[in-house]
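Structure at a glance
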Amino acid sequence: MSAPEDKDSEETQAGRQTLIAGVAAMSLRERLNWKANAPLEAKRQQQRCDHGLFDLNARAQTDLIDALRRLDRQASNPSKGD
């Protein structure tokens, strides 16, 4: 014996759910329309941008000018040994 179709409830994957007064259940057409208009989702996680301006490892590298200045300081003050 099946229960009569109640207009204030709808069958979902989680079971029968009641609706708020004044709210109609979404039809299949409305659900498909809503899904079709939803923004696209990535199929896999985006890779990090590790080159150019966004390369965090490159920021830790020593600049050639800084290395030459350090060598000049070491040559002029051999006792300090930077």
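Residues numbered from 1 in each chain as written. Predicted model: local features only at pLDDT ≥ 70, side-chain atom pairs only at ≥ 80, totals over all residues. Heavy atoms only, no water.

Points about the overall build of the protein chain
- A tally of helices and strands in the protein chain yields 2 helices and 2 strands.
- Along the chain direction, N to C, the helices and strands of the protein chain fall in the order β-β-α-α.
- Per-residue burial over the protein chain gives 5% buried out of 82 residues.
- Only carbon and sulfur atoms are counted for the fraction: they give 52% of the accessible area of the protein chain, which is about 8,700 Å². (Helix = DSSP H or I, 4+ residues; strand = E, 2+ residues; numbered from the N terminus. Buried < 20%, exposed > 50% of the residue type's maximum accessible area, 1.4 Å probe, protein only. Areas by Shrake-Rupley, 256 points an atom, 1.4 Å probe, with all protein chains shown as cover.)

Section: a nonpolar patch on the surface
- Judged by side-chain polarity, Leu64, Leu68 and Leu71 come together as a nonpolar surface patch covering roughly 310 Å² of accessible area.
- Position of leucine 68 relative to the elements: it lies in helix α2 (residues 64-76). (Patch = residues over 30% accessible without salt bridge, like charges linked within 9 Å, V, L, I, M, F, W, Y side chains within 5 Å. Salt bridge = Lys/Arg side-chain N within 4 Å of Asp/Glu carboxyl O.)

Considerations on the pairing of strand β2 (residues 15-18)
- For strand β1 (residues 9-12) and β2, the ladder comprises 4 bridges, and the chain directions are antiparallel. Following the sheet pairing, serine 9 is matched in β2 by threonine 18.
- Taking the residues between adjacent antiparallel strands as the criterion, β1 and β2 are bridged by 2 residues. (Pairing = 2+ DSSP bridges.)

Considerations on the confidence of the model for the protein chain
- Looking at the protein chain, pLDDT values average 79 and 82% of them are 70 or higher.
- Mean pLDDT values over the elements of the protein chain span from 78, in β1, up to 94, in helix α1 (residues 28-37). (pLDDT = per-residue confidence, 0-100.)

Looking at the pattern of salt bridges
- The full count for this structure, using the stated rule, is 1 salt bridge.
- Put simply, glutamate 11 and arginine 16 hold a salt bridge, and the shortest N to O gap is 3.6 Å.
- On the accessibility criterion, glutamate 11 (53% relative accessible area) is exposed.

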